[in-house]
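Each chain, letter by letter, is given below.
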Amino acid sequence: MKAMVLAAGRGERMGSLTNRTPKPLTRIKNSTLIEHNILRIKESGINEIVINISWLGSQIKDHLGDGEKLGIKITYLDEGNEMLGTGGGIYNALEFLGEDPFWLVNSDIYTDYSIDTHKELNNDNLAHLILVPNPSYHRSGDFHLVNDKVTTSSGVKPMTYSGMSIISPQLFADSNSGVFPLEPLLESAASSGLISGECFNGFWTDVGTQERLKILESLLNSNE
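Q: How would you sum up the pattern of salt bridges? Please name residues and give values.
A: Using the criterion set out here, one finds 4 salt bridges in the structure. Between K23 and D108 there is a salt bridge, and its shortest N-O distance comes to 2.8 Å. Here K23, found in the loop between strand 1 (3–7) and strand 2 (27–28), pairs with D108, found in the loop between strand 6 (102–106) and strand 7 (109–111); they are 85 residues apart in sequence, far enough to count as distant. The residues K23 and D108 share a single accessibility class, namely buried. Two residues, K119 and E198, come together in a salt bridge whose shortest N-O distance is 3.0 Å. Of this pair, K119 sits in the loop between strand 7 and strand 8 (127–133) while E198 sits in strand 12 (residues 195–199); the two residues are 79 residues apart in sequence, bridging distant segments of the chain.

Q: How would you sum up the pairing of strand 4 (residues 48–53)? Please name residues and give values.
A: Taken across its 6 residues, strand 4 has 5 buried, putting it largely inside the fold. Each parallel crossover has a hand, and for strand 4 linked through helix 2 (residues 57–64) to strand 5 (residues 73–78) it is right-handed.

Q: Break down the nonpolar core for me, with residues and values.
A: Counting residues in hydrophobic clusters, the biggest one holds 29 residues, and the most contacted among them are I34, I38, I51, L64 and W103. Of all elements in the fold, only strand 1, helix 1 (33–43), strand 4, helix 2, strand 5, strand 6, strand 8 and strand 11 (159–167) reach the threshold of two or more residues within this core. Setting aside residues no more than four positions away along its own chain, I51 makes contact with V5, A7, I34, I38, L64, I74, T75, Y76 and L77. By size, the runner-up hydrophobic cluster in this structure holds 27 residues, among which are L6, V50, I167 and L171.

Q: Describe unusual backbone geometry, with residues and values.
A: Backbone phi values are negative for most residues with the exception of glycine, while trans is the configuration of most peptide bonds. Positive phi values are uncommon outside glycine, yet L56 reaches one of about 55 degrees. Position of L56 relative to the elements: it lies in the loop between strand 4 and helix 2. By relative accessible area, which is 25% here, L56 ends up partly exposed. Backbone geometry at N147 places phi at a positive 50 degrees, although glycine is not the residue there. Relative to the elements of secondary structure, N147 occurs in the loop between strand 9 (144–146) and strand 10 (149–151). Taking relative accessible area as the criterion, N147 reaches 71% and is therefore assigned exposed.

So, how was this worked out
- Residues numbered from 1 in each chain as written.
- Predicted model: local features only at pLDDT ≥ 70, side-chain atom pairs only at ≥ 80, totals over all residues.
- Heavy atoms only, no water.
- Salt bridge = Lys/Arg side-chain N within 4 Å of Asp/Glu carboxyl O.
- Helix = DSSP H or I, 4+ residues; strand = E, 2+ residues; numbered from the N terminus.
- Buried < 20%, exposed > 50% of the residue type's maximum accessible area, 1.4 Å probe, protein only.
- Right-handed = clockwise from strand over helix to strand, strands pointing away.
- Core = buried A, V, L, I, M, F, W, Y, C linked by side-chain atoms within 4.5 Å.
- Contact = heavy atoms within 4.5 Å.

Here's what the structure looks like:
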């Protein structure tokens, strides 16, 4: 099984912190966000990772190298100045990820969730999403979870997509290369009953702003 780490975002909500440093290289104590997630992937037994890069992506390549120092193999896909979006970035990586389902992890999350390579996509499911209860900054949510099925409906949804999932390449069967987001594909598949999910109640945060970064640092320091 392989994994993909999404690391091409501009990180504009981080303000001046990402003017000269890409958000995945934001330092959390003695490591970086992307290394934290790569090591979680490695602990699961996965040792082949595809990383898409764009904004200041050369810094990520220089920092991680080919992955040897972390005990993994890294393949980089540089999107240059035209970021392909979450969906387009994954579509662009499919030839390197192969035909089997793969783990997808956002590089800007911080969590103690244990990635499990024994999880499988059952029946005709196109994805399995790790969901979390809505955080304070996303009260409207993304999905419902009913008997391990991810569903959509209008109005407030109690669950938020965590940025971790198992994805089948078949999710992109009707897609074409180009710039597009992942979310509409997930919503469409969920509305057709083709996505399973689970609720994670452990430690998780999306490090999307300087404020959230400060809160995370404070939490980690208080737990020392």
